[in-house]
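Examination of the molecular architecture
Chain by chain, the residues:
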Amino acid sequence: MPLLRLERRREPSRAMQYATPLLAVALTVMAGTVVFGLMGYDGLGAVRQIFVAPLADPQRWPELLVKASPLVLIAIGLSIGFRANVWNIGGEGQYLAGAVAGTAVALATWTREGAWILPVMGLAGILGGMAWAAIPAFLRTRFGVSEILTSLMLTYVAVQGLFFLVRGPWRDPDGFNFPQTRMFNAAQTLPAVSEGSLVHLGIPIAVLVACLAWIVLERTIAGYEVKVVGLAPAAARHGGFSERRTIWLTLLAGGGLAGLAGILEAAGPFGQLTPQFPAGYGYTAIVVAFLGRLHPVGILLAGLVLAVTYVGGELAQTAIGLPQAATGMFQAMLLFFLLATDVLIRFRIVPVRVARARAAA
Amino acid sequence: MTSALLVSFAMTLAMAATPILLASLGELVAEKAGVLNLGVEGMMLIGAVTGFAAATLTGSAYLGCLAAILGGLAASLVFAGLTLGLSSNQVATGLALTIFGVGASSLIGAPFVGKTVARIGPLFPAALAEHPLLRVVFGYDLLVYGALALAAAVGWFLKHTRPGLILRAVGESDTSAHSIGYSVLAVRTAAVAFGGGMAGLAGAYFSLELTPMWADRLTAGRGWIALALVVFASWRPGRLVAGAYLFGAVMTLELHAKAAGFGLLPPEILAMLPYLATIAVLTLISVRPGRVSAAAPACLGKSFSPA
């Protein structure tokens, strides 16, 4: 006989909304120690390298910001859709489409200089991501095809498209036949926030986007519409909110932000496109969006948490030989624990005796 | 010459179709019970790696298949515990399962990268299995025939048996099934577990027969194609077979075109074909309004808590 039982709360607990992401991180750390210990690694060491080392060393902090910025941008875009029950899981593909579109501008202007080039590349990136997201939006609104499957399928198409371009038409003619594009020139590369710093302009942009998203989602009719369509579709229809419009808006916003993240990454840390460019940020951003409670400020924090796992994963690789895949395991465990502990928002755990007594009363 | 090419084409086709058919049969049963498990790709990868590891350790591909079924099943029970036990969101949990499967398989598989393993191998004796023409019928491993038999069995189970009827009832109207006294959560857990076992077996088909060696993410999105196939087949096992073999044909075209050094299209563009074909068929099947929504189990993806 179970001793504990779940009892539905009268109202969802606000405190738990904030507590469960922290609880999930704590449980992941504990489970990680056990799992990696059982696999024959130094479990405590792995957890220390992955979760503590990047935070303890201030020299790693710029690296954290660099990793967090694409995650935050993509996750904010996805979260807008998730709020409205629009399951765009093709953030990775839209990220790549943005990088490809922005790079097209860079390659067309590589002999030129001028302050106008970067903004045009950024705009092309946004439009590229939007175009990629417009396909699932069109198929969903016109034919009722699930955006879950189409947005994901298009990610595989985008990866192959990028491979084709860097191995074929866009291969650097002076690059000794390596499958990569030309390096972007100085006018096409994101400037650092301060001289010699790793921190590039993409990081303030990500923070700015988070603030804007917060205002739009909390303070405008459009943000309200997204929320209502997600929480109460019937009421939304009754209130004259169009489901079609919401699908289009959320997918375009998600695609645009993922595309922006893509071109910022290409023009920032990479400085070109290579076959290593698809790094799975679009998938990790799904974890970020949920861990951040689909809220822009939460996503900023969650982006940093996941950035810690990336940087820490690399540290653990060199320090104790933990395979890189361990990072992905930690990220997935984080999401599992979050989904599991989220039950506490709607339910409380009570001893069976108490529940019976209450039921009898 | 031509007949040899046709035979080889047909055989590649059947073998490419088999893992998709296995995985989508499992997902069909889960969805018929009302559960949308987007973790197929993750469960396939977990099955692929457990199958490979077990086959390497025991030297038996069949024991590998058994381990793969158990691996996929274990992964699906995590999903069942979260979505059914704790009423978590099915879409988010399925995605988490896929991310988990990618990470876990690559972590467990790290020592095996590039290693080969004994294949499952043909079922029939060499006289039949290697005959230049007859091998198109007798040249396959157990799983190719098994997948077809399972498709027939699942169709019969859902349509003509009492447990099958109960399973469909749970997927169509969980509250009525509950009020008649059936345990919605138990039926769904069983359906999800079946889906997990099948996905695990499908994964093992990649690592033990198609590839047959270990490489990261060797299922290459086929789990997602299996999910799409269930929609394409309007939740009918018979159409699932047709759909899986159709996709097998697309993938075989890709392989043959690559092998022939097909000059017209670069390999990357050919590699897009299965995914583009998936989008195309999902669209075609949805052109007539209401067709998909009418065929889908009414409670698909919705949480159910008995209290």
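To start, this report covers the structure provided alongside it. (Residues numbered from 1 in each chain as written. Chains lettered and ligands numbered in written order. Predicted model: local features only at pLDDT ≥ 70, side-chain atom pairs only at ≥ 80, totals over all residues. Heavy atoms only, no water.)

**Examining the overall build of chain A**
The helix and strand inventory of chain A stands at 15 helices and two strands. Here chain A has a C-alpha radius of gyration of 22 Å; the compact-globule value for 361 residues is 21 Å, and the two agree. Along the first, second and third principal axes, the C-alpha atoms of chain A reach 80 × 55 × 35 Å. Restricting the contact set of chain A to residue pairs at least 6 apart, pairs at least 24 apart contribute 77%. (Helix = DSSP H or I, 4+ residues; strand = E, 2+ residues; numbered from the N terminus. Rg over C-alpha atoms; globule rule 2.2 N^0.38 Å. Contact = heavy atoms within 4.5 Å.)

**A word on the nonpolar core**
Among the nonpolar cores identified, the biggest contains 183 residues, and Ile76(A), Met121(A), Leu273(A), Phe290(A) and Trp224(B) are the most heavily contacted of them. Ignoring any residue separated from it by four or fewer positions in sequence, one finds Trp224(B) in contact with Ile89(A), Leu149(A), Leu152(A), Met153(A), Tyr156(A), Leu38(B), Glu41(B), Leu95(B) and Thr98(B). (Core = buried A, V, L, I, M, F, W, Y, C linked by side-chain atoms within 4.5 Å. Buried < 20%, exposed > 50% of the residue type's maximum accessible area, 1.4 Å probe, protein only.)

**Remarks on the packing of helix 11 (residues 281-291) of chain A against helix 12 (residues 296-320) of chain A**
The packing of two helices is summarised by the inter-axis angle and the distance between the axes. Residues and elements named next belong to chain A. One way to put it is that helix 11 packs onto helix 12 with a least axis distance of 8 Å and a crossing angle of 130°. Here helix 12 runs oblique to helix 11, going by the angle between their axes. For the pair helix 11 and helix 12, the crossing hand works out as right-handed. When helix 11 is examined against helix 12, the residues Tyr 281, Thr 284, Val 287, Val 288, Ala 289 and Leu 291 are found in contact with a partner set consisting of Ile 299, Ala 302, Gly 303, Val 305, Leu 306 and Tyr 310. Classifying every residue of the contact of helix 11 with helix 12 by side-chain character gives 10 nonpolar, two polar and no charged. (Axes fitted to C-alpha atoms, helices over the stretch in contact; angles between N-to-C directions. Parallel < 35°, antiparallel > 145°, perpendicular 65-115°, else oblique. Left-handed = near helix turned anticlockwise from the far one by under 90°. Nonpolar A, V, L, I, M, F, W, Y, C, P; charged D, E, K, R; others polar.)

**Considering empty space enclosed by the protein**
All names here are of chain B. By the definition in use, this model includes one cavity of 30 Å³ or more. Every residue lining the largest cavity is listed: Glu 27, Ala 30, Asn 37, Met 43, Val 192, Gly 195 and Gly 196. Elements with a contribution of two residues or more to the lining of the largest cavity: helix 1 (2-32) and helix 10 (184-210). It is helix 10 that provides the largest number of residues to the lining of the largest cavity, a total of three residues. Considering only residue class, the lining of the largest cavity consists of three nonpolar, three polar and one charged. (1 Å grid on protein atoms, 1.4 Å probe; cavity = no way out; pocket = protein on both sides within 12 Å on 5 of 7 lines; lining within 4 Å. Points joined across faces, edges and corners; volume = space filled by probe spheres on them.)

**With respect to unusual backbone geometry**
Residues and elements named next belong to chain B. With a phi close to 50°, Arg 217 is a non-glycine residue in the positive phi region. Structurally, the position occupied by Arg 217 is in the loop between helix 10 and helix 11 (222-232). Positive phi values are uncommon outside glycine, yet Trp 235 reaches one of about 60°. As for its position among the elements, Trp 235 is in the loop between helix 11 and helix 12 (237-259).

**Concerning the side chain of Thr141(A)**
All names here are of chain A. Secondary-structure assignment places Thr 141 in helix 5 (residues 117-143). Given the relative accessible area of 13%, Thr 141 is considered buried. Here the side chain of Thr 141 touches Ala 137 through a polar contact of 2.7 Å, landing on its backbone oxygen. Of note is the side chain of Thr 141, whose polar atom sits 3.2 Å from the side chain of Trp 248. (Polar contact = N/O pair within 3.5 Å; in protein donor to acceptor, adjacent residues only side chain to side chain.)

Keep in mind these values describe shape, not function.
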